[in-house]
Structures are given as C-alpha cells and as structure tokens.
Amino acid sequence: MIDKAIIGIDLGTTNSLVAVFEADGPKLIPNALGSVMTPSAVGYAEDGTLLVGRAARDRLLTHRDMTTARFKRYMGTDHEVMLGKKAFRAEELSSFVLRSLRADAEAYLGKMVEEAVISVPAYFNDIQRKATVTAAEFAGLKVNRLVNEPTAAALAYGLQDREAESTFLVVDLGGGTFDVSILEMFSGVMEVRASAGDAFLGGEDFTDALATELGRQLGIQPKDVSKEEGARLRGLADKLKHQLSDRAETTADYILKGEARPVSITREKFDEITAELMKRMRLPIQRAISDAGLRADDLHRIITVGGATRMQSVRTLITRLFKRFPEHSIDPDHVVALGAAVQAGLAARHAALDDVVMTDVCPFTLGFETSIPVGEDRWEAGHFSPMIERNTVVPTSRSDVIGPVNARQNEIRLNIYQGESPFVKDNVRIGSLNVPLPSDPKTDKAVDVRYTYDTSGILEVEATILATKKLHRLVIEGNPGAMPREEIEKRLKALSSLKIHPRDEQENAAIIARLRAAYENSLGETRLYVGRILAEFESVMHSQDKRAIQEVRKQIDEILIRIEGTDVF
Ligand code: AMP
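Definitions and limits used
Residues numbered from 1 in each chain as written. Predicted model: local features only at pLDDT ≥ 70, side-chain atom pairs only at ≥ 80, totals over all residues. Heavy atoms only, no water. Core = buried A, V, L, I, M, F, W, Y, C linked by side-chain atoms within 4.5 Å. Buried < 20%, exposed > 50% of the residue type's maximum accessible area, 1.4 Å probe, protein only. Helix = DSSP H or I, 4+ residues; strand = E, 2+ residues; numbered from the N terminus. Contact = heavy atoms within 4.5 Å. Near = heavy atom within 4 Å. Polar contact = N/O pair within 3.5 Å; in protein donor to acceptor, adjacent residues only side chain to side chain. Areas by Shrake-Rupley, 256 points an atom, 1.4 Å probe, with all protein chains shown as cover. 1 Å grid on protein atoms, 1.4 Å probe; cavity = no way out; pocket = protein on both sides within 12 Å on 5 of 7 lines; lining within 4 Å. Points joined across faces, edges and corners; volume = space filled by probe spheres on them. Nonpolar A, V, L, I, M, F, W, Y, C, P; charged D, E, K, R; others polar. Pairing = 2+ DSSP bridges. Axes fitted to C-alpha atoms, helices over the stretch in contact; angles between N-to-C directions. Domains from an automatic or database assignment.

Novice: Which residues make up the nonpolar core, and what are the values?
Specialist: Counting residues in hydrophobic clusters, the biggest one holds 43 residues, and the most contacted among them are Leu 169, Leu 173 and Met 281. With 6 residues, helix H8 (residues 275-291) is the single largest residue contributor to this core. Residues in contact with Met 281, not counting those within four places in the same chain, are Val 171, Leu 173, Phe 178, Leu 201, Val 314 and Leu 317.

Written out as structure tokens, the structure reads:
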C-alpha cells in the first residue's frame, strides 16, 4: 500500500502531464477539461485570475500581452516575461502549470498531494535543475527526485517487459531539447550506461525554420510583420510541420492584410531547410554509443520519445543509422509522465515494483577552472579541470586536494563549470566558491575540494581547508540564472496572493478562447458565424444554468473541431 501520494510530472516545453502509480501500473490523470495533456501556457483572464493550459494556449494569439508559453527554455536564466504589467521568471510560470497539475491530481486522488517526481531533460544543467526545484516549491510541491526524461521513458518501457535482458537506446526530441540515453536492463534492474544531448535543439527549431520558409514564400521578413502576424505565421508553420509527418506535401492559406495568400511545403523542401538541424542529432547519438563502449549493432531496441520524433526525417535518420525501425508502442507524448510515475512508485516503495531498481548517470562532466604553468613563474587561467566525469553513475562524490598558485595568496576562488571543453569559456558556468586561506604563511594552504552529485542531478560543492578543517559550501553568486534564497522567499510570498482561475470554470474559459482564436483565424461567412456563436455562448453563460451551458459547450466544441480542421490560418 502507498501511504503517501507521490505524483509523477512531465513538465514539458509544449505540454505537461501528471501521472500516478497504481496497483496495475502508471496511470495518466486527466485535467479539468478531460485531457491528459495540459498545454504549458499561462495567462491572465479578464477578471485578473490566472488561466493555465488549453484556455491560455488558445489565447496566445488573441491576448498576446496577457499570455505566454514555451517558457521552459528560460529555466535557469533571469529572463522575465511580461504578463500585463507584471514580470515573471520561468520558475514562476512553470509553478502555475505545476499548481494546475497538482490540483488535477488532488481532484483525481481525493487527497492532498505535496510531493512529486518531476522529469527534466537529461541535458538540463545544474542551474536549470535547481530552477525546476524552485518552481515546484512555488507550487507547494516537494521534489522527491528529478528524473531525466529519457530515463523516465526507459522506465516506462522497461516495466512492460521487466524480465527481458536488453540494451536499448532512447532518442528524445522534445520541443526544446534533444537527449539520447543508452540503458541496459536485466531482471528488473535498469541501468543507464550513457547519456548525451544538445540543450538547444528541439522540435521548435524545425517550426522556426519552416516559418522562415513560409515568410519567404509570402515575401515577408520578420522585421516587416507585426508581432501578431509573426505569431500567426509561426502557428501556421507548426500546423504544417505536424501535417508533414503524415503526408508528403501540404498547403494552406495565410491571411495577410485581409487577403488569403496560399503557401505550400513538400517534405523534400522541409528536409532541405532543416538539414543542418538533422545533422546536429548525429553527434549525441554517436557519443552516447561510444561512451557506453558499444557499437550500433549491440543495441536491441531503439525507442523514440518526444513529439518531434514523429517527424519523418527523424524516423528515417534512425532507421538508417541502426538499420531497423524505431519503436514507439507507448505514445511518445505520454511515455515520460508514465515513467515519472514509475519513479514515484519506486520512491513510495510500491509493492508492485519490489524487484525494480534503476540507476542513472551524470550526463556531463563537472569540474572547475584551473591555471596551468606556461613558463617560468607564469600561469595561464581558463583551463578546465574535471572532477566528476560524464556518465559516472549517480549518486557520486569525488574529492581532490588543490593549493594556491602563489604562496602569498590569501584566497582561492573556485569557479565551477560543466561541459566537455578543455577551456572553461566554452563550458557552462554554474557558480563560484570563495575559499579564504589561512593568513599565516607557515600554515599549509591545501584545500580539499569535494563534489557531490545526487540522484536528481543536483551538485553540491564543499571546500575544506585541511590545516584548520574549516568548511565552505558552494554559494551560487554572480550567476543571474540562479535565484538566491531571500529572492525565492520574497517571490513565494508574492505568488500566494495570485488567484488561479476556478477549476470548474476552465471549460468555459477554454471554449471562449477557442472561439476567439477561430474568429481571428477566419474570414467572411465563417468569421460572422463564429462571432454569432460567441455572442450566443456569452448570453447562455449569463443564464448561469449549468446544464444549458454544458449542452451548448458540447455543440460548440463539435463546430469548432470542424472549423479548426480547415487550413485557413
Ligand atoms: P514534447 O516536448 O515532447 O511535447 O514535444 C513537442 C514538440 O514535438 C513540438 O515541437 C511539437 O511541434 C512537436 N510535435 C508534436 N507532434 C508532432 C508531429 N505529429 N509531427 C511533428 N512534430 C510534432
């Protein structure tokens, strides 16, 4: 029996999902609209409450200044997004999504939920991981563990066939990141052997490339169009990109200055304009295989995860590289959340998972900046000295003794980096630690530096002066992506006064947002028709007759499905 509910959350760039581990396995939880996918979009409604999910997503075009999405890419940066007059960091925006998922889970389970396993791209750095933990804290959730997305996916697949002995490769192309992991499985034990990836490659880059191409066909450049037109063009590009996953060619009309203008794209042309992006997928795949000490032939199963692996070019690349078709028997949109729920089940020691053990690795090298001698009494700074090498099994702890370059030095500044380059300028700076040294020149100035990397992929750095046994811990400073504790507390207080749109009114908000979007995206008769329905629905809402509202909403949904299916944008 589980005595406490721990939920599994896939906090995605485009969509987020929540799942829970039950006696018969992991189960996805539907939101207030009945869907298991909640768009990672947030906005203000007219009454000042916060809308999350589908209603917010559908208002992206109609209420641009009040709505935002795709903020996961700003996790771990100090970038702020304006919603109305208020500025929000990605941690805060993500916390609204997490709050909404938490409310869905509580409604489903009928009890309070205060703990979660949250998935993150394997390639998320330390600052992005800490930002995810902060987002959860803002949403009143304790992070039991952060699980790497490809590892979560593998857990979901592994559970299906837990007695099998196999080695499999997980290719995860989401909206904003690309991850590759190799796992080995034998009698319930799942071991990640290697992970690699690209934190700046995702399905959204393919959409951007196609939007540029459509702009070229229309003779417009980003600088010539309004923000609204640009967002609409990108929306159209995204829709056509999805269509190209099932057909070789697609066309649509784009409304430019009140005139419907045709655009078209073939799969061939799409592959041509995204060839550079495709090339970037090869390196992490090759690195993961070689780091695991394997050859492509040693892999038994190839699993694809993340919405963007539905693109034909991705499937073709994988089929060519491995001479077999990739598997996707579990819906790629669901698999990470299902795996996060398995991890949550493991954390809650669910009896059904008694024989399952999972180990993960640190996907990148962690170290510090050093100086190397370049001649008589001359030192050159800027070099990277690894402490924990990539693909070390986690949790792990490593230490090393370092000393000052110069005996008169009274401080060592430890600059902490992550990455694979020998030069720190090409790696990611995580933070720094100032270690004051004993002033007495006769005292030994050696310092023991210890790096500890936990199962969530969070790093702790400690430095102990050996002579005095004085301990110093990493304080993240000078890194704008990391929020200091006082700032977290301050924002937490401010967030508690924000009101979330009531859960039982979300369906109305969502249908109105869709009607408004359909109105803006159509012309002529259709537009007049949508306008009439919108007015009628608002008057039904005034009646406050719940049954009548529900009935009309159902009818409108059917009408909208038809209108949204037509290719005018
Ligand atoms: P995820 O973060 O896993 O939800 O992945 C989202 C990304 O997958 C976005 O860039 C979507 O545009 C993309 N995506 C979802 N479905 C498809 C599809 N059928 N064809 C192409 N790309 C898709």
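Novice: Lay out the site of the ligand with the relevant residues and their values.
Specialist: Near the ligand, the surroundings consist of 14 residues, among which Glu 204, Lys 241, His 242, Ser 245 and Ala 308 are the closest. Between Asp 238 and the ligand, the recorded distance is 3.3 Å, taken from a side-chain N or O atom to an oxygen atom. In the model, an oxygen atom of the ligand is placed 2.8 Å from a nitrogen or oxygen of the Lys 241 side chain. Notes on the ligand: free accessible area 500 Å², of which the protein chains cover 86%. When residues of the shell around the ligand are traced back to their parent elements, those giving at least two are helix H5 (203-218) and helix H6 (227-244). No other element matches H6, which puts 3 residues into the shell around the ligand.

Novice: Can you break down the layout of surface pockets residue by residue, with the values?
Specialist: Reported here for the second largest pocket is a volume of approximately 850 Å³. Around the second largest pocket, the lining is made up of 39 residues, and of these Tyr 123, Asp 198, Ala 199, Phe 200 and Leu 201 lie nearest the centre. Here the lining of the second largest pocket takes 4 residues from H8, the largest share from any one element. For the lining of the second largest pocket, the class distribution of residues is 13 nonpolar, 14 polar and 12 charged.

Novice: How would you sum up the sheet that holds strand E13 (residues 178-186)? Please name residues and give values.
Specialist: Neighbouring strands of a sheet are bound in pairs by backbone hydrogen bonds; such pairs are parallel or else antiparallel. Ordered in space as E17-E12-E13-E14-E18-E21, the 6 strands form an open sheet in which the pairing is mixed. Strands at the two margins of the open sheet, each flanked by one partner only, are strand E17 (301-305) and strand E21 (392-394). Strand after strand, the sheet turns through a mean of 25° between neighbouring axes, direction not considered. Bridge count for E13 against strand E14 (residues 189-198) is 9 bridges, and the pairing is antiparallel. The partner of Phe 186 across the bridge, within E14, is Val 189. Running over the sheet, helix H9 (residues 312-322) touches strand E12 (166-173) and E17 and is turned about 165° from E17.

Novice: Summarise the domain arrangement of the chain; cite the residues concerned and give the values.
Specialist: Each domain of the chain was delimited in the assignment, giving domain 1 (366-469) and domain 2 (503-564). Centre-to-centre separation of domain 1 and domain 2, based on C-alpha positions: 60 Å.

Novice: With reference to specific residues and values, describe the sheet that holds strand E6 (residues 50-52).
Specialist: Within the open sheet, the 3 strands sit side by side as E6-E5-E7. Their pairing is antiparallel. Strands with a single pairing partner mark the edges of an open sheet, and in this sheet they are E6 and strand E7 (67-69). Between one strand and the next, the sheet's axes are offset by a mean angle of 15°, whatever the strand orientation. The pairing of strand E5 (residues 41-44) with E7 spans 3 bridges and is antiparallel. The residue bridging Gly 43 from the neighbouring strand is Thr 67, located in E7. Contacting E5, E6 and E7, helix H2 (residues 90-109) runs over the sheet at an angle of about 70° to E6.

Novice: Pulling in residues and values, what's your account of empty space enclosed by the protein?
Specialist: On inspection of all chains with the given rule, the structure shows 4 cavities of 30 Å³ or more. Empty space within the largest cavity amounts to approximately 70 Å³. Taken together, Asn 31, Ala 32, Leu 33, Thr 38, Leu 51, Val 52, Gly 53, Arg 54, Ala 55, Ser 100, Asp 104 and Gln 506 form the lining of the largest cavity. Taken together, the residues of the lining of the largest cavity sort by class into 5 nonpolar, 5 polar and 2 charged. By volume, the second largest cavity is sized at about 50 Å³. In terms of lining, the second largest cavity is formed by Leu 11, Lys 72, Met 75, Ser 94, Ser 119, Val 120, Pro 121, Phe 124 and Thr 132.

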